[in-house]
Amino acid sequence: MASEADVRAGLQRAGQGHLLRFWAELGPEPRAALLTELAPLDPDALREHCASAAEACARAPGPTPGLAERLRPLSPESMGSASCGDPEARRRWEEEGFRQIALSKVAVLLLAGGQGTRLGVTYPKGMYQVGLPSGKTLYQLQAERIRRVEQLAGERHGTHCTVPWYIMTSEFTLGPTARFFKEHDFFHLDPANVVLFEQRMLPAVTFDGKAILERKDKVAMAPDGNGGLYRALADHQVLEDMERRGVEFVHVYCVDNILVRLADPMFIGFCVLRGADCGAKVVEKAYAEEPVGVVCLVDGVPQVVEYSEISPEIAGLRGADGGLLYSAGNMCNHFFTRGFLQRVTREFEPLLKPHVAVKKVPYVDEEGNLVKPLKPNGIKMEKFVFDVFQFAKNFVAFEVSREEEFSPLKNADSAARDNPSTARRALLTQHHQWALQAGARFLDARGAQLPEQPGLPQNGDPPAICEISPLVSYSGEGLEAYLRGRELWSPFILDEDQAIVLRSQEA
Ligand SMILES: CC(=O)N[C@H]1[C@@H](OP(=O)(O)O)O[C@H](CO)[C@@H](O)[C@@H]1O
């Protein structure tokens, strides 16, 4: 381990000597812990980080000035849609996606380093369960969708294929996530195909460029944003691992969308057939202030303008048809070729500009008292995963339906939207619809048929509770075999066991 003298000298060089100001008071263990935390911080990089955080923060916060003139919506030529009027095109995209999955050329990569602050949990968001009848967590739903898509692709093409699951964690989420997967036997995935790796952490910084001590023996560190992905890929030789496995295409997604379609064959196939190196799934924005990034052109180049960086005026602009001009909402579901990721990690990563988030960061004052600030006092610097779109040679966007594919879990139930209840209802509404489409009818306790209303009152539960395991159906397919002509009592759970029972009754 580095000595105290070395670390002290490095910190002095970086202008951050105050981080050792309680050294004399610390016992051997806290001293060792603090050195372990400080030793990896390169003095020059630390100086640069602290200075640029303070500088960036001193610039006017909020929307980028002069943005309006530089923005344009994406051109229709670079877009596809899952609801396009050409069923033959959709079939071709899906078929191509399944073909690539069957060849084991597709991996999924989960961004799971975040702290779930808005949701208000102290554990990784993927471990959250929104109160489904099955009690499944987000991680379990995702694992089961991987298993099902592997099975579907394998059946179509007569192969035994694998969709490896790469999971980027952070200091906050690595331990609990690893334990959770072990405790749940990796949800019956082969542990060799679940690869956890860790993103870097960066110190939070005061407005005058000083790294913050959150305890006498601990620096306030935060993950380097979901764009920390590219450094983490290099740090942990993840692209080399992909190459060894023959992976060519990567579906990157964030943890909180309960409807996420992992390795979605239609999206993958669309991107592959278009020869794209980079792609984004988008959903039509629901309202002007919706907290989603906007996928658009900035100075003619595809980019995402994040919701925190767009002015309400631009977000509210309307096109000739009366709809939002910038309506392509970023779902944080991205397609990358391995080749593109290689170029990013080798050439472009250093060019990504960090974004500034001003937060309340607990700290120790000069006397060593712990202070929980009431006002924001610290700067966290984060890179964004989508900031690499500008380097793509061929960027495409793919629009999907919100009802089918987007219900993010961001907030606690005290918020009106994007909370556990809205996520649960989105999934149960979808499954209820799938069951009706497959020919089922739902009955109440007295045997009377329940209504089948397709559109639901805002925030209402579906008229019947029906949950379908992803192991039985990935996107609504194949349900007729179990459900056609059935009368079902709510609540109804169609899991693998139930599917076997229903099949045998059919026969
Ligand atoms: C940096 C980043 O990836 N931001 C994404 C991400 O937002 P968060 O609020 O950071 O979860 O997910 C949104 C979709 O849920 C997407 O619209 C937005 O652009």
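Owing to the predicted nature of the structure, the values given are computational and were not obtained by experimental measurement.

An account of the site of the ligand is requested, with residue identities and associated values reported.
Lining the immediate surroundings of the ligand are 13 residues, of which N226, E306, Y307, N330 and K410 lie closest. One nitrogen or oxygen atom from the side chain of N226 is found 2.8 Å from an oxygen atom belonging to the ligand. N330 places a polar main-chain atom, nitrogen or oxygen, 2.6 Å from an oxygen atom of the ligand. Protein contact buries 90% of the 450 Å² of open area that the ligand shows by itself. For the shell around the ligand, the residue count by class is seven nonpolar, three polar and three charged.

How would you summarise the environment of L74 if you had to cite specific residues and measurements?
Mapped onto the fold, L74 is located in the loop between β1 (71–72) and β2 (79–81). Distance in space between the C-alpha atoms of L74 and G300 is 8.9 Å, their sequence separation being 226 residues. Contact partners of L74, with chain neighbours within four places excluded, come to M79, V295, C296, L297, F395 and A397.

For the confidence of the model for the protein chain, give the residues involved together with the corresponding values.
Counting all residues, the mean pLDDT for the protein chain is 95, and 98% of those residues have values of 70 or more. For this predicted complex, the interface confidence reaches an ipTM of 0.99, while the overall pTM sits at 0.95.

Quick one: what's the story with the side chain of E150, residue by residue and with numbers?
For E150, the position within the fold is in helix α6 (residues 138–157). Here E150 is in contact with C161, T162 and V163, once residues within four sequence places are set aside.

An account of a nonpolar patch on the surface is needed here, citing residue identities and associated values.
A contiguous nonpolar surface patch, about 230 Å² in accessible area, is contributed by F207, V356 and V358. Along the chain, the position of V356 falls in strand β16 (residues 355–359). The partly exposed category is assigned to V356, whose relative accessible area is 33%.

I'd like a rundown of the pairing of strand β19 (residues 378–382), residues and numbers included.
Buried residues dominate β19, accounting for four of its five residues. Two strands pair when backbone bridges link them, and strand β7 (residues 205–206) and β19 are joined in this way by two bridges, in the antiparallel orientation. The residue bridging V205 from the neighbouring strand is I379, located in β19. As paired elements, β16 and β19 share five bridges and run antiparallel to each other. Looking at the pairing, V356 lines up with M381 of β19.

Explain the nonpolar core residue by residue, including any values.
One finds I101, V108, L110, Y139, W165 and F181 to be the most contacted residues of the largest nonpolar core, which totals 49 residues. Among residues more than four places away in sequence, those in contact with Y139 are L110, A112, P124, G126, M127, W165, T177, F180, F181, F187 and V255. A107, V238, V295 and V385 belong to the second largest nonpolar core, which has 42 residues in total.

Quick rundown of helix α12 (residues 338–348)? Include the residues and the values.
Since one α-helical turn is 3.6 residues long, residues separated by three or four positions face the same way. Within α12, the full set of buried residues consists of R338, F340, L341, Q342, V344, T345 and F348. Buried residues in α12 make contact with α8 (229–235), α9 (238–245), β11 (249–254), β12 (278–284) and β15 (328–337).

Which residues make up the packing of helix α1 (residues 4–13) against helix α3 (residues 43–58), and what are the values?
Where α1 contacts α3, the two axes come as close as 8 Å, and the packing angle between them is 35°. In this structure, α1 crosses over α3, and the sense of that crossing is right-handed. Of α3, the residues touching α1 (which contributes G10, L11 and R13) are P43, D44, L46 and R47. A class-by-class count of the residues in the contact of α1 with α3 yields three nonpolar, one polar and three charged.

A description of the pattern of salt bridges should follow, citing residues and the corresponding values.
Under the defined criterion, the tally for this structure stands at 30 salt bridges. As a salt-bridge pair, D241 and R245 come within 2.8 Å of each other at their nearest N and O atoms. Taken together, the residues span about one helical turn, with D241 and R245 both in helix α9 at a distance of four residues. When salt bridges with common partners are traced through the structure, they connect R261, D264, K281, E404 and E405 into a single cluster.

I'd like a description of the packing of aromatic side chains, backed by residues and values.
All told, the structure shown has 17 aromatic pairs when counted by the stated rule. Relative to F335, the ring of F249 lies with its centre 5.8 Å away and its plane at 20°, an arrangement referred to as stacked. Separated by 86 residues along the polypeptide, F249 in strand β11 and F335 in strand β15 bring together distant segments of the chain. Residues F249 and F335 agree in their burial class; the two are buried. Summarising the aromatic geometry, the rings of F270 and F398 are spaced 4.9 Å apart at their centres and angled 35° between planes, so their arrangement reads as tilted.

If you had to explain the packing of α9 against α12 to someone new, which residues and values would you point to?
Relative orientation of the contacting elements α9 and α12 amounts to 155°, with a least axis distance of 11 Å. Looking at the two axes, α9 sits roughly antiparallel to α12. When the axes of α9 and α12 are compared, the crossing they make is left-handed. Residues L239, M242 and E243 of α9 form the contact with α12, whose own contacting residues are R338, L341, Q342 and T345. Here the residues of the contact of α9 with α12 are counted per class, giving three nonpolar, two polar and two charged.

Rules of the game
All residue numbers refer to position in the chain's written sequence, counted from 1. With pLDDT at 70 or above as the cut-off, local features in this predicted model cover only qualifying residues; side-chain atom pairs require 80 or more to be listed or tallied, and sums for whole chains, interfaces and linings still use all residues. In computing side-chain properties, one takes all heavy atoms of the structure into account and sets aside hydrogens as well as water. In this text, near means that some heavy atom of the residue lies within 4 Å of the molecule or strand in question. Polar contact criterion, stated in full: a pair of N or O atoms within 3.5 Å, where within protein one must be able to donate a hydrogen and the other to accept it, and residues adjacent in sequence count only if both atoms are side-chain atoms. Only the protein chains shown count as cover for residues, and the accessible areas themselves come from Shrake-Rupley with a 1.4 Å probe. Gly falls in the polar group here, along with every residue not listed as nonpolar (Ala, Val, Leu, Ile, Met, Phe, Trp, Tyr, Cys, Pro) or charged (Asp, Glu, Lys, Arg). Secondary structure elements follow DSSP: runs of H or I no shorter than four residues count as helices, runs of E no shorter than two count as strands, and numbering proceeds from the N terminus. Working rule for contacts: check all heavy atoms of both residues, and any pair within 4.5 Å makes them a contact. Residue-level confidence of the predictor is summarised by pLDDT, bounded by 0 at the bottom and 100 at the top. Patch membership requires more than 30% relative accessible area and the absence of a salt bridge. Residues of like charge join within 9 Å; the nonpolar side chains Val, Leu, Ile, Met, Phe, Trp and Tyr join within 5 Å. Salt bridges are defined by distance alone: a side-chain nitrogen of Lys or Arg within 4 Å of a carboxyl oxygen of Asp or Glu. Only protein chains enter the accessibility calculation, which uses a 1.4 Å probe; a residue is then buried when its area is under 20% of its type maximum, exposed when over 50%, and partly exposed in between. Two strands pair if DSSP finds at least two bridges between them. Residues grouped as a nonpolar core are buried Ala, Val, Leu, Ile, Met, Phe, Trp, Tyr and Cys residues, joined through side-chain atoms within 4.5 Å. The axes used here are C-alpha line fits, helices contributing only the stretch in contact, and every angle between their N-to-C directions lies in the interval 0 to 180 degrees. For any helix crossing, the convention is left-handed if the near helix is rotated counterclockwise from the far helix by under a right angle, and right-handed if that rotation is clockwise. Any two rings among Phe, Tyr and Trp, with Trp reduced to its six-membered ring, count as a pair given centres within 6.5 Å; such a pair is stacked if its planes are under 30 degrees apart, edge-to-face if over 60, and tilted if neither. Roughly parallel here means an angle under 35 degrees, roughly antiparallel means over 145, roughly perpendicular means 65 to 115, and every remaining angle is called oblique.

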